[in-house]
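Structural characterization, general
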Amino acid sequence: MTAPTHRTTSRIARFRKLSVTGIATAGAAAAALMMAPSAAQAATVPANLPAAQVSAADVPAAKKAKKQYADNLDGWIKEALDIMKSHNIPGTYEGLHRNIMRESSGNPNAQNNWDVNAQNGTPSKGLLQVIQPTFDAYHVAGTPHDLTDPVANITAAANYAADKYGSIDNVDSAY
């Protein structure tokens, strides 16, 4: 084996320098891409605000993650309470839970086929045993227009109870 010449050593040194520079450049570009806002986020930030001054408060609430609820009685009540709060409908977890357990034992598909409403062709349905005309009159915007949807049923019934009794918390029997 022969000793490397000055020319070979120089070429290797240049190659190493280019490799390190290339890696550093690629790394900087990747970091910049990761830190840059998406097009949707960038459009919501004032153009004259330096990137270093952008905070979570500058991103509208609609861009933040939607709150997730469990698909069970506890989750339905919590989601209904959040919707009720945004519509100024009074009620508590305890009041809703107590009435739901009395009316349907927590079954969102419960249906009463024997009372006077059922005899008149409008059976009570859902967690809080609401009849269709009452649901239609007290439906809360932002919930499905479906009598047996658990959250829609709870919010409509709570809205009705608030109108007739001041709050679902004041209901202690069939209403």
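In what follows, the structure referred to is the one given above.
Nothing here was measured: the structure is a model prediction, and the numbers come from that model.

**Describing the pattern of salt bridges**
- In total, this model carries 5 salt bridges according to the counting rule given.
- As a salt-bridge pair, lysine 67 and aspartate 82 come within 3.2 Å of each other at their nearest N and O atoms. Here the residue lysine 67 occupies a position in the loop between α2 (39-44) and α3 (73-86), and aspartate 82 occupies one in helix α3, the gap between them amounting to 15 residues.
- Judged by relative accessible area, which is 53%, lysine 67 ranks as exposed.
- In this structure aspartate 82 comes out as partly exposed when scored by relative accessible area, which is 32%.
- The partner of glutamate 103 in a salt bridge is arginine 102, with the nearest N and O atoms 3.4 Å apart.

**Remarks on unusual backbone geometry**
- Non-glycine residue asparagine 88 carries a positive phi angle of around 55°.
- Accessibility expressed as a relative area gives 71% for asparagine 88, which makes it exposed.
- Of note, the phi angle at serine 105 is positive, near 55°, even though the residue is not glycine.
- For serine 105, a relative accessible area of 57% puts it in the exposed group.

**A few points about the packing of α3 against helix α4 (residues 93-104)**
- Direction vectors running N to C along α3 and α4 enclose 130°, while the axes themselves pass 10 Å from each other. Overall, the two elements α3 and α4 adopt an arrangement that is oblique. Where α3 crosses over α4, the handedness of that crossing is right-handed. Note on element contacts: α4 touches α3 through Tyr93, Leu96, His97, Ile100 and Met101, opposite Leu73, Asp74, Ile77, Lys78, Leu81 and Met84.
- For the contact of α3 with α4, the residue count by class is 8 nonpolar, 1 polar and 2 charged.

Parameters and conventions
Residues numbered from 1 in each chain as written. Predicted model: local features only at pLDDT ≥ 70, side-chain atom pairs only at ≥ 80, totals over all residues. Heavy atoms only, no water. Salt bridge = Lys/Arg side-chain N within 4 Å of Asp/Glu carboxyl O. Helix = DSSP H or I, 4+ residues; strand = E, 2+ residues; numbered from the N terminus. Buried < 20%, exposed > 50% of the residue type's maximum accessible area, 1.4 Å probe, protein only. Axes fitted to C-alpha atoms, helices over the stretch in contact; angles between N-to-C directions. Parallel < 35°, antiparallel > 145°, perpendicular 65-115°, else oblique. Left-handed = near helix turned anticlockwise from the far one by under 90°. Contact = heavy atoms within 4.5 Å. Nonpolar A, V, L, I, M, F, W, Y, C, P; charged D, E, K, R; others polar.

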